[in-house]
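Read off the chains here:
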Amino acid sequence: MKIVGLSEEYRELYFKCLEDWSEDMKESGNHKACWYGRMKDKGLGVKLALDEEGEVGGMIQYYPSEYAPIQGENIYFIGCIWVHGHKKGRGNFQKKGMGKALLQAAEEDVRSRGAGGLAAWGLSLPVWMKASWYRKRGYQKVDKQGMSVLLWKPFEDDVPAPRWIKPKKKPEKEAGKVVVTAFINGWCPAQSINYERAKRAAAEFGDEVKFREINTFDRDVFLEWGIQDGLYLDEKNILRGPPLKFEKIKKKIAVKVKKIKRP
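Below, the structure is looked at part by part. This structure is a prediction, so every number in the text was calculated from the model and none was measured.

1. With respect to empty space enclosed by the protein
Scanning the entire structure with this criterion turns up 2 cavities of 30 Å³ or more. Along its surface, the largest cavity is lined by Glu66, Tyr67, Asn185, Thr216, Phe217, Arg219, Phe222 and Gln228. Its residues placed into classes, the lining of the largest cavity shows 3 nonpolar, 3 polar and 2 charged. By volume, the second largest cavity is sized at about 40 Å³. Lining the second largest cavity are Ala182, Phe183, Gln191, Asn194, Tyr195, Gly230, Leu231 and Leu239. Elements with a contribution of two residues or more to the lining of the second largest cavity: strand S10 (178-184), helix H5 (189-203) and strand S12 (230-233).

Laid out in structure tokens, this is it:
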């Protein structure tokens, strides 16, 4: 196994989170590429794990806390760590130590940059991005928001622990319309899929539906709302897991539209 930095050779693969074979991922648009263009000179770190044959099987991305959904000073945040585990596409690279090696490489890089610690997020359920996986590697739980657990490994004793930035407000209803509000930061192709599908679905209802984009890469905009990524129908967040299918989003909008129709 070999851990390498992101080169131009692997950039498009990275933009698709190693799932360039996926039809769903092809719907994510160019949001990750745009996010990378903004972040590459702002402290973004990306590492890839290659197997003995030179195939990319895993990735990790991390960046300064001022671009993350947390409060913290002079620390870094792991946006995601992913070792490809699907049978189709690239195949299963899990259970070979890639994740552990990627995390170690990120920690070493962040230490070399003079940061006081490294934060990460994980899920409290035993699925993708498990919080328990980080705890086994010396990270401690410092905050929780729904199923998302904020974990933390300080490199210095006097560095304050980070905290989630909490939601501050929700989109509001508009009389006579259904408002589809998509919050998008660009860091995650899965979130971009939701955005693209929702925008396409909303367009099928004409003037009865208003699509509203809120770009949270702008830090002031994010802090105003406290929501980094999300998909709302009027004031209700409809995202609770993996990307929603286009037809499911369209059906949810149709139910809302029916309620505003007049006889």
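Having seen the structure, we can now continue with the description.
2. Details of the layout of surface pockets
In this structure, the second largest pocket spans a volume of roughly 570 Å³. Lining the second largest pocket are 19 residues, and of these Val83, Gln94, Lys95, Lys130 and Trp133 lie nearest its centre. Sorting the residues of the lining of the second largest pocket by element identifies strand S5 (76-83), helix H3 (98-112) and helix H4 (131-135) as the ones contributing at least two each.

3. Considerations on the pattern of salt bridges
Within the structure shown, the criterion is met by 14 salt bridges. The salt bridge involving Glu27 is made with Arg200; its shortest N-O contact spans 3.2 Å. Of this pair, Glu27 sits in the loop between helix H1 (11-15) and helix H2 (31-39) while Arg200 is found in helix H5, placing the two residues 173 residues apart along the sequence. By relative accessible area, which is 41% here, Arg200 ends up partly exposed. Here Glu107 ties to Lys153 by a salt bridge, and the two come within 3.2 Å at their closest N and O atoms. Of the two residues, Glu107 sits in helix H3 while Lys153 sits in strand S8 (residues 148-154), which places them 46 residues apart along the sequence. A relative accessible area of 17% places Lys153 in the buried class.

Criteria and cut-off values
Residues numbered from 1 in each chain as written. Predicted model: local features only at pLDDT ≥ 70, side-chain atom pairs only at ≥ 80, totals over all residues. Heavy atoms only, no water. 1 Å grid on protein atoms, 1.4 Å probe; cavity = no way out; pocket = protein on both sides within 12 Å on 5 of 7 lines; lining within 4 Å. Points joined across faces, edges and corners; volume = space filled by probe spheres on them. Nonpolar A, V, L, I, M, F, W, Y, C, P; charged D, E, K, R; others polar. Helix = DSSP H or I, 4+ residues; strand = E, 2+ residues; numbered from the N terminus. Salt bridge = Lys/Arg side-chain N within 4 Å of Asp/Glu carboxyl O. Buried < 20%, exposed > 50% of the residue type's maximum accessible area, 1.4 Å probe, protein only.

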